[in-house]
Amino acid sequence: MDVFSMMGRRNHEEVVFCNQPDIGLKAIIAIHDTTLGPSLGGCRFYDYATDEEALTDVLRLARGMTYKASIAGLNLGGGKAVIIGNPETDKHEFLFRAFGRYVDGLGGRYITAEDMNTTVKDMEWVRNETRHVTGISKALGGSGDPSPVTAFGVFVGMKAALSTKFGSDDFNGRKVAIQGVGHVGYNLCRYLNGAGAQLFVTDVNAEAVTRAEKEFGAKQVDGEAIYELDVDIFAPCAMGASLNDDTIPRIKAPIVAGAANNQLAKSRHGADLLKRDILYAPDYAINAGGLINVANELEGYNRERAFKQAEGIHETLMAIFKLSRDEDIPANEASDRLAEDRIRRMAQLKTSFASTPSRPRQGR
Ligand code: NAD
């Protein structure tokens, strides 16, 4: 495994290998870019087959966080951590406390949070050892479940897509198909129902579907049929890679806008959507509400301010759609360009001024 060439490929700043065999901790922290501010990203717990697989994953995820923070207008960089192990059997207090000490050793260059297979409780153990952790429970003064803010961000992002595609962001009479009505999907249904949209939902969890049927009058759709519905918006809110060679030709909706991470199986699928004249709201731009929510906690959580900042996702998407149209490039490429541009400008600002604020405010 050639670590430096793996880091060099995408310009990662720093990688920390955490090794405490007595405690059972084997973890990697990756910091991609701190031009905009301290790196922030969740800590995953996963039983990777090889160390190389873990490193590849953490480098990819850390870079993704740089783009997400930048497009969301936050003063944060991109980082991520992975703890290698079985989440069912290997988790315990001192493993997380040991991880917390490594995070603390970075002096704030990396801020951790919960992620796949880690919980608020795990992060509370981490918090015993460092203050560089966010996404703590409400009871301890944290922000709690981020999904209502994520859903709100997706809702305002859908409005931007509607007005770009149809010249009006009125949901009355619009049909929206939602794949996955879990934490975010459920809250999204609530906003859409309130705005007058007609809902079609699918989920592998029958209870989740029943709840959406009962509370929002949603119509149930069987699995794969969700792609082929004659609706205005298709909203992927479940797993990644739902936009691929097989599904894109079947999508009838003129807009794809949803919360799921990594919706495009490959980045070239963004171009396939454009070719089919489907307006795509890039996932990491429209689902940034969750990150906005935890970033807010860094300054003392204020729910109203978090929602206000998430409202900015509308403006961000309008800028992405405009660049995509003006330059005739896929929306995911337009989003990447805007995110990179913001980082470049901040780097220029830093070279023009000898000193920068020690801890810039978060948000717009
Ligand atoms: P969740 O686990 O609460 O909900 C996901 C739902 O999708 C579940 O109800 C699950 O049963 C369903 N599902 C799984 N596979 C499916 C399939 N093949 N077909 C249909 N339904 C399926 O997760 P969530 O927190 O609502 O997040 C949803 C997506 O949004 C994820 O991709 C997540 O990474 C992303 N996201 C979430 C947040 C957040 O604040 N929670 C923030 C940013 C991005």
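Residues numbered from 1 in each chain as written. Predicted model: local features only at pLDDT ≥ 70, side-chain atom pairs only at ≥ 80, totals over all residues. Heavy atoms only, no water.

Novice: Break down the site of the ligand for me, with residues and values.
Specialist: Close to the ligand lie 17 residues; Thr150, His183, Val184, Asp203 and Ala238 are nearest. One nitrogen or oxygen atom from the side chain of histidine 183 is found 2.6 Å from an oxygen atom belonging to the ligand. Considering the ligand on its own, with 820 Å² of exposed area, one finds that the protein chains cover 70% of that surface. Breaking the shell around the ligand down by element, the ones donating at least two residues are helix H5 (147-166) and helix H6 (183-194). Partitioning the shell around the ligand into residue classes produces 8 nonpolar, 8 polar and 1 charged. (Near = heavy atom within 4 Å. Polar contact = N/O pair within 3.5 Å; in protein donor to acceptor, adjacent residues only side chain to side chain. Areas by Shrake-Rupley, 256 points an atom, 1.4 Å probe, with all protein chains shown as cover. Helix = DSSP H or I, 4+ residues; strand = E, 2+ residues; numbered from the N terminus. Nonpolar A, V, L, I, M, F, W, Y, C, P; charged D, E, K, R; others polar.)

Novice: Lay out the sheet that holds strand S11 (residues 255-256) in plain terms, naming residues and giving numbers.
Specialist: Ordered by their spatial adjacency, 6 strands build an open sheet running S9-S8-S7-S10-S11-S12, and the pairing between neighbours is parallel. One side of each edge strand has no neighbouring strand; the edge strands of this open sheet are strand S9 (219-220) and strand S12 (279-280). As paired elements, strand S10 (residues 233-236) and S11 share 2 bridges and run parallel to each other. What sits directly across from isoleucine 233, in S11, is isoleucine 255. Running over the sheet, helix H7 (residues 206-216) touches strand S8 (198-202) and S9 and is turned about 165° from S8. (Pairing = 2+ DSSP bridges. Contact = heavy atoms within 4.5 Å. Axes fitted to C-alpha atoms, helices over the stretch in contact; angles between N-to-C directions.)

Novice: How would you sum up the domain arrangement of the chain? Please name residues and give values.
Specialist: By domain assignment, the chain separates into domain 1 (3-64 + 76-140) and domain 2 (147-342). In this structure, domain 1 and domain 2 have C-alpha centres spaced 28 Å apart. On the side of domain 2, 7 residues touch domain 1, which itself brings 8 residues to the contact. Summed over both partners, the interface of domain 1 with domain 2 buries about 720 Å², with 63% contributed by carbon and sulfur atoms. (Domains from an automatic or database assignment. Buried area = accessible area lost by both parts, 1.4 Å probe.)

Novice: Can you tell me about the packing of H5 against helix H12 (residues 313-327), naming the residues and giving the values?
Specialist: Where H5 contacts H12, the axes come no closer than 8 Å and their chain directions differ by 35°. Between H5 and H12 lies a crossing whose hand is right-handed. Facing Gly153, Val156, Gly157, Lys159, Ala160, Ala161, Ser163 and Thr164 of H5, the residues of H12 in contact are Ile313, His314, Leu317, Met318, Phe321 and Arg325. Split by residue class, the contact of H5 with H12 holds 7 nonpolar, 5 polar and 2 charged. (Left-handed = near helix turned anticlockwise from the far one by under 90°.)

Novice: Run through the packing of aromatic side chains, naming residues and quoting values.
Specialist: A complete count under the given rule lists 10 aromatic pairs for this structure. Arranged with centres 5.2 Å apart and planes meeting at 15°, the rings of phenylalanine 155 and phenylalanine 171 form a pair that is stacked. Note that phenylalanine 155 is positioned in helix H5 and phenylalanine 171 in the loop between H5 and strand S7 (175-179), a separation of 16 residues in sequence. Note on phenylalanine 155: relative accessible area 8%, which makes it buried. Feature note: the residues Phe152, Phe155, Phe171, Tyr191 and Phe307 constitute an aromatic cluster, connected by ring pairs. In this arrangement the basic side chain of arginine 174 is found over the ring face of phenylalanine 166, its NZ or CZ atom lying 4.0 Å from the centre. Over the face of the ring belonging to tyrosine 186 we find arginine 211, whose NZ or CZ atom lies 3.8 Å from the ring centre. (Phe/Tyr/Trp six-rings, centres within 6.5 Å; stacked < 30°, edge-to-face > 60°. Buried < 20%, exposed > 50% of the residue type's maximum accessible area, 1.4 Å probe, protein only. Lys NZ or Arg CZ within 6 Å of the ring centre and 35° of its normal.)

Novice: How would you explain helix H4 (residues 120-127) if you had to name every residue and give the values?
Specialist: Turning to H4, its buried residues number three or more, namely Asp122, Met123, Trp125 and Val126. Take H4 and look down its axis: the buried residues cluster within an arc of 150°, on one side only. Buried residues along H4 sit in contact with strand S4 (43-46) and helix H3 (93-105). (Arc of directions from axis to C-beta.)

Novice: Help me get a handle on the pairing of strand S2 (residues 25-33), residues and values and all.
Specialist: The element S2 is extensively covered by neighbouring structure, given that 8 of its 9 residues are classed as buried. Bridge count between strand S1 (residues 14-20) and S2: 7 bridges; the pairing is antiparallel. Directly across from phenylalanine 17, in S2, lies its bridge partner isoleucine 28. As consecutive antiparallel partners, S1 and S2 are separated by 4 residues, and within that stretch glycine 24 has a phi angle of approximately 90°, a positive value. Summarising the sheet, S2 and strand S5 (residues 77-84) pair through 6 bridges and their orientation is antiparallel. When the bridges of S5 are listed, isoleucine 31 appears paired with glycine 79.

Novice: With reference to specific residues and values, describe the pattern of salt bridges.
Specialist: As enumerated under the stated definition, the model contains 24 salt bridges in all. Between arginine 109 and glutamate 14 there is a salt bridge; the shortest N-O distance is 2.7 Å. Pair noted here: arginine 109 is in the loop between H3 and strand S6 (110-111) and glutamate 14 is in strand S1, with a separation of 95 residues, a long-range link. We classify glutamate 14 as partly exposed; its relative accessible area is 23%. One salt bridge in this structure joins arginine 345 and aspartate 341, with 3.2 Å as the shortest N-O distance. Of the two residues, arginine 345 and aspartate 341 both sit in helix H13 (residues 331-352), 4 residues apart, roughly one turn of that helix. According to the relative accessible area criterion, arginine 345 is exposed, its value standing at 55%. Aspartate 341 gets classed as partly exposed once you look at its relative accessible area, which sits at 27%. Overlapping salt bridges, with partners in common, bring together Glu93, Arg97, Arg101 and Glu129 in one network. (Salt bridge = Lys/Arg side-chain N within 4 Å of Asp/Glu carboxyl O.)

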